[in-house]
Amino acid sequence: MELSSAQVLIPGLVDAHVHLNEPGRTDWEGFETGTKAAAAGGIATVIDMPLNAIPPTTTVVNLDAKLRAAKQQCHVDVGFWGGVVPDNAEDLPGLMARGVCGFKCFLIESGVDEFPCVNEAQVRLAMDKLAGTEKILLFHAEMEESTHASSAKGCSTGNPRAYSSFLNSRPEQLETHAVDMIIRLTREYAQKGNPVKTHIVHLSAASALPAIRAAKAEGLPLTVETCFHYLNFSAEAIQDGATHYKCCPPIRDAANRERLWMALMDGTIDYVVSDHSPCTAQLKKIEIGDFGQAWGGIASVQFGLPVLWSEGRTRGVTIQQLVCWLSERPAVRTGLGKKKGRIAPGFDADFCIWRPEAPFEIKTEEVYFKNKLSPYIGYTLYGVVDRTLLRGITIFDRDRPCRFASKPQGQAVMI
């Protein structure tokens, strides 16, 4: 394999937080289009979230439905998170035996009826099943208190087209309250000698960082991810009616963004993911610009490497750090650390070849996920992905007329 002087070879990326939405909501996304977009972004492995597909991945029967849907469609390897909902604690051992990477739960309404949130008692039932295993319990870490009980439903007050109204409806206290409970339970199970590995997904609120730092200093088995959009965008720059920026928890102000960057650099935040959560244009309510009614989610699986590099290079970030945040750490935390995320003997030959100093504009015609609606379209970034390899086979090549492998090469990755 020969590289030009401008190209750099790194391990294939691992995006541990992607919603592929199949079966059930394939007008939003699907295995074929979502994994094509991932391959074009240098990603070799994605971990599919348990919700937004119908049925959700909350039972073995539902997992089998998802595996059937994925068969011969995936351009990258796909692992699966199971889901924790109020009544499925007895289903968790079967899902673990089948090889899901771990489980995700919501501490606040998820936005879809088939994946309800759980309370502390239900979290404990799940933790009892996971105690002493290698499986991880992931938390959407927003949780209502009585003082915020009506605020998290959407733009309950103010102008629904104003981003500030939406931002005020998802205050940082929702995150800090949830993080405090997660840490308390993680500590309790660890002290009892029945540790449970816990993980906070898509951290947005920098005000939660002191508690997380203290928990990590205790040695608790807690990890944290944030998202490309929290490290790139800021609330001040989001125009009224620009609902393609809506996600939950929300993009906060520039000062908050800088604190997240500092936490990533010092290791408080472990790695970065896309939380690719697309939907149809109709559900984004672009025509009326109503943040309260719009679906919350940002489509971005294709752009994580150049987004993080474009922001990071101005902060002294090295390519070695990118590999840690985008390949090695997510591979280890998802249980794939013995074959993904590194270039080493015995590992899968997953590679991303890219040009870090090459600028490019994101154009709609070169977006490969299904619904071409993303706040990144029109942005100029650094870091062109030229080629992606999966187990030594080229699955994306920018220089070929047909850029993708003629036959999808991805496999279901069960651990």
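Rules of the game
Residues numbered from 1 in each chain as written. Predicted model: local features only at pLDDT ≥ 70, side-chain atom pairs only at ≥ 80, totals over all residues. Heavy atoms only, no water. Axes fitted to C-alpha atoms, helices over the stretch in contact; angles between N-to-C directions. Helix = DSSP H or I, 4+ residues; strand = E, 2+ residues; numbered from the N terminus. Parallel < 35°, antiparallel > 145°, perpendicular 65-115°, else oblique. Left-handed = near helix turned anticlockwise from the far one by under 90°. Contact = heavy atoms within 4.5 Å. Nonpolar A, V, L, I, M, F, W, Y, C, P; charged D, E, K, R; others polar. Pairing = 2+ DSSP bridges. Buried < 20%, exposed > 50% of the residue type's maximum accessible area, 1.4 Å probe, protein only. Polar contact = N/O pair within 3.5 Å; in protein donor to acceptor, adjacent residues only side chain to side chain. 1 Å grid on protein atoms, 1.4 Å probe; cavity = no way out; pocket = protein on both sides within 12 Å on 5 of 7 lines; lining within 4 Å. Points joined across faces, edges and corners; volume = space filled by probe spheres on them. Disulfide = S-S within 2.5 Å. Phe/Tyr/Trp six-rings, centres within 6.5 Å; stacked < 30°, edge-to-face > 60°. Lys NZ or Arg CZ within 6 Å of the ring centre and 35° of its normal.

A. Region of the structure containing the packing of helix α10 (residues 304-312) against helix α11 (residues 319-333). For the pair α10 and α11, interaxial distance at closest approach is 11 Å and the crossing angle is 135°. Judged by the inter-axis angle, α10 sits oblique to α11. At the point where α10 passes α11, the crossing takes the right-handed sense. Contacts from Leu305, Leu308 and Trp309 of α10 reach α11 at Ile319, Leu322, Trp325 and Leu326. Looking at the contact of α10 with α11 residue by residue, the class counts come to seven nonpolar, no polar and no charged.

B. Just the sheet that holds strand β10 (residues 271-273), in detail. Spatially, the six strands line up as an open sheet ordered β5-β6-β7-β8-β9-β10, and their pairing is parallel. Edge strands, defined here as strands with exactly one partner in the open sheet, are β5 (82-83) and β10. Looking at chain direction, strand β8 (residues 197-201) and strand β9 (residues 222-227) are connected through three bridges and run parallel. When the bridges of β9 are listed, Ile200 appears paired with Val224. Against the sheet, helix α7 (residues 209-217) makes contact with β8 and β9, and its axis sits at roughly 145° relative to β9, the strand it touches most.

C. Spatial organisation of the side chain of Thr394. With respect to the helices and strands, Thr394 occurs in strand β13 (residues 393-397). Residue classification places Thr394 among the buried residues on the basis of a relative accessible area of 11%. Within polar-contact distance, the side chain of Thr394 engages the side chain of Arg387 at 2.9 Å.

D. Expanded view of the layout of surface pockets. Here the largest pocket defines a volume of roughly 530 Å³. The wall of the largest pocket is formed by 30 residues, among which Ser110, Gly111, Cys248, Trp295 and Gly296 lie closest to the centre. For the lining of the largest pocket, the residue count by class is eleven nonpolar, 13 polar and six charged. Put simply, the second largest pocket is a space of about 210 Å³. Lining of the second largest pocket is provided by 18 residues; of these, Gln302, Phe303, Phe360, Glu366 and Arg398 occupy positions nearest its centre. Counting only elements with at least two residues in the lining of the second largest pocket, the list comes to β11 (351-361) and β12 (380-390).

E. How the structure looks around the state of the cysteines. Under the counting rule described, the total for this entry stands at zero disulfides. The thiol sulfur of Cys247 is not disulfide-bonded, and the nearest other cysteine sulfur, from Cys248, lies at 6.8 Å. The exposure class assigned to Cys247 is buried, which follows from its relative accessible area of 3%. Free of any disulfide, Cys324 has its nearest cysteine sulfur in Cys352, 16 Å distant.

F. Just the environment of Ala208, in detail. Looking at the secondary structure, you find Ala208 in the loop between β8 and α7. Exposure remark for Ala208: the relative accessible area of 2% places this residue in the buried category. Apart from the residues lying within four places of it in its own chain, the contact partners of Ala208 are Thr176, Val179 and Leu203.

G. Broad picture of the sheet that holds β11. Strand order in the open sheet made by the four strands is β1-β11-β12-β13, with antiparallel pairing throughout. Each of the sheet's edge strands pairs with one partner strand only, and the pair in question is β1 (8-11) and β13. In this sheet, adjacent strand axes meet at a mean angle of 35° when their direction is disregarded. Looking at chain direction, β11 and β12 are connected through eight bridges and run antiparallel.

H. A look at the packing of aromatic side chains. Evaluation of the coordinates by the stated rule reveals 15 aromatic pairs. Between the aromatic rings of Phe303 and Phe369, the centroid separation amounts to 5.9 Å while the plane-to-plane angle is 70°, which identifies the pairing as edge-to-face. Residue Phe303 is found in the loop between β10 and α10, and its partner Phe369 is found in the loop between β11 and β12; the two are separated by 66 residues along the sequence. Each member of the pair, Phe303 as well as Phe369, carries the same accessibility label: buried. Ring-pair connections join several aromatic residues into one group, and the members of that group are Phe233, Tyr245, Phe303, Phe369, Tyr376 and Tyr379. Stacked on the ring of Tyr382, the Lys or Arg Arg313 has its end atom at 3.9 Å from the ring centre.

I. Examining empty space enclosed by the protein more closely. Applying the stated rule across the entire model yields two cavities of 30 Å³ or more. Taken as a whole, the largest cavity spans an internal volume of roughly 70 Å³. Surrounding the largest cavity, Leu13, Val14, Asp15, Gly41, Ile43, Phe228, Val272, Val301, Gly304, Leu305 and Leu326 form its lining. Those elements that provide at least two residues to the lining of the largest cavity are β2 (13-18) and α10. Ranked by residue count, the leading element in the lining of the largest cavity is β2, at three residues.

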